[in-house]
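What follows is each chain in one-letter form.
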Amino acid sequence: MKYVLVTGGVVSGLGKGVTASSIGVVLKACGLRITSIKIDPYLNTDAGTMSPFEHGEVFVLDDGGEVDLDLGNYERFLDIKLTRDNNITTGKIYQSVIDKERKGEYLGKTVQVVPHITNAIQDWIERVAMIPVDGKDGPADVCVIELGGTIGDIESMPFIEALGQFSYRVGPGNFCLVHVSLVPVLNVVGEQKTKPTQHSVRGLRGLGLTPNILACRSTKQLEENVKEKLSQFCHVPAANIVTLYDVSNIWRIPLLLQDQKAHEAILKVLNIQSIPGEPKLDEWVARATMFDTLQDTVRIAMVGKYTGLSDSYLSVLKALLHASVDCRRKLVVDWVASTDLEDSTKIEAPDAYKSAWSLLKGADGILVPGGFGDRGVQGKILAAQYARQNNVPYLGICLGMQMAVVEYARNVMNLSDANSTEFDPNAKTPCVIFMPEGSKTHMGGTMRLGSRRTFFKVADCKSAKLYGNVDYVDERHRHRYEVNPDMVPEFENAGLQFVGKDESGRRMEIIEIPNHQYFVGAQFHPEFKSRPSKPSPLFVGLIAASSGQLGKVLQDCLSDHVIPAKHQLNNGPYMPAVHQNGHAKKLPNGLSNGTYYPNGNGVHA
């Protein structure tokens, strides 16, 4: 087994996750099998109990693992299925060591960080690296490990020590360290400054790790004299210094690495001689080039409570992006804070209220993602009501589906007391109830998590057609509450269809309003399995309906019994054949105006 370790220096948020994923893409394109591990130095056992404001979204795996969002990057880029053990945290390591101590496995010994914690880290890496994640038998060829945080952080010290020991354990030719660092440009003089990277590498070497490759984040390509300076002071060959400069979209990052021969440097360090040939990244070239040529926009209003941090809905954004590129549309996401739609805001902050409703009414489609807690719930109900009454394409995910059900009960069935017991435990008309096997005392890992099967109960529905008229689908879940099965007949008599249910028929998985152009709710999270080359069908439906293409897409799905043939990026008439590399396009990016243009800076994970 060969190992590539990706570390970060100077500042956080440089894009280590995208860099690690892109390294995996290039090595996979060389014919190697890849697996990934993410190390998070926090004490939480997993990401499940953390607020999205703290750490971005919680990504859910097939096995129910609640993990760091970077594992989502790995799965999307490499088209693999990871396990909960591919995410190592300080909490997991210490818990495993303490459990062994309590069982008496260290009997008579003083249990210490070195060697017990550091050995546990190394053993974990070696064990997990051997688990196949690409559906094939046997272990992968290369394991890409990303160490979260920044070199010098106190909490990451045990991992640094363990990884230093690990490099000696696996021996020369089996370990390659890629250090991602910042080379800032001072606007006053316009000069690329190497000192932050020099200090970062010095700190790394002082901790027992020597970088083999430098991946320098900068706004533009490194000048040759800057490369030579870095090579001289950081003791890294100039050929092993690559620039990750700003590009027009995230899919160009693997192409940057390929163009700068990063794969050759890594393969040389890992002593891998026999590979089939140069990396074949034609699909990435086609996708990246097409993204840059899209002109027709589609506006989606994202109505949620964590709109101040786009990473809170990272997988949803990526799924929207995959679907919009598939439909040949340039995605524009309008962030709408659900609280701003509520009547209380109309009194307290009339400008915010007016702006929120203006964005909602100006959108081509509306998406209400998952969430927890009662803040902004009424705003989500109002968004669902607006979409239903005005025939605006709507996709509700998890809580977004549940609130659409509550809205239907209140405004179509005239059940004014309808609510979820999550927000009103004594609701007179409980449309959404607590799951019987859930826990109200322990929060971590007690939800309905991971891949579960949904059976289509109505053949002639949009959802079934989008999935290719299959009998069932396996999608990932993360919820504690569900639609009250006792009320389902009442809903269906009133015109709300539950087109997808679990194997027992008691859990409602997909809702639709038949006479609406596209009104779909899913209890599962389809965004977690969306891939650039295989976009989520429900997201494709939303984008297609929002851009007037749904009829064509449904027809293609019926004729092919798969996602439409045009989803294969290299067989359509829209594929420019040339690889257009270059500097960043100046796309507006950020949240200041309530609008988000995906990947304007090319490094957004």
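Keep in mind it's a predicted model, so treat the numbers as computed, not measured. (Residues numbered from 1 in each chain as written. Predicted model: local features only at pLDDT ≥ 70, side-chain atom pairs only at ≥ 80, totals over all residues. Heavy atoms only, no water.)

Asks: Before we go on, may I ask you to explain the sheet that holds strand 20 (residues 481-483) in this structure?
Replies: Across a sheet, strands are paired by hydrogen bonds formed along the backbone, either parallel or antiparallel in direction. Spatial strand order, 16-17-20: three strands in an open sheet with mixed pairing. Each of the sheet's edge strands pairs with one partner strand only, and the pair in question is strand 16 (418-420) and strand 20. Adjacent strand axes in the sheet meet at a mean angle of 30 degrees when their direction is disregarded. The pairing of strand 17 (residues 429-434) with strand 20 spans three bridges and is classified as antiparallel. Residue pairing in the sheet places Val432 in a bridge with Val483 of strand 20. Against the sheet, helix 16 (residues 399-411) touches strand 16, strand 17 and strand 20, its axis set at about 165 degrees to strand 16. (Pairing = 2+ DSSP bridges. Helix = DSSP H or I, 4+ residues; strand = E, 2+ residues; numbered from the N terminus. Axes fitted to C-alpha atoms, helices over the stretch in contact; angles between N-to-C directions. Contact = heavy atoms within 4.5 Å.)

Asks: I keep staring at the confidence of the model for the protein and nothing clicks. Help me out?
Replies: A low pLDDT means the predicted coordinates there should not be read in detail. Of all residues in the protein, 90% attain a pLDDT of 70 or more, and the chain-wide mean is 88. Mean pLDDT per element in the protein: strand 24 (residues 595-596) is the minimum at 44, and strand 15 (residues 394-397) is the maximum at 98. Contacts from residues 562-605, a stretch scored under 50 in pLDDT, to residues over four places away or in other chains number 117 contacts. (pLDDT = per-residue confidence, 0-100.)

Asks: I keep staring at the sheet that holds strand 7 (residues 175-182) and nothing clicks. Help me out?
Replies: On the basis of which strands lie adjacent, the open sheet formed by seven strands has the order 5-2-6-1-7-10-11 and parallel pairing. The open sheet terminates on both sides in strands that have one partner only, identified here as strand 5 (87-89) and strand 11 (241-245). On average, each strand axis in the sheet is tilted by 20 degrees relative to the strand beside it, whichever way the strands run. In the sheet, strand 2 (residues 34-40) pairs with strand 5 via three bridges, with the strands oriented parallel. Following the sheet pairing, Asp40 is matched in strand 5 by Thr89. Sheet strands in contact with helix 4 (residues 90-103) are strand 2 and strand 5, and its direction is about 70 degrees off that of strand 5.

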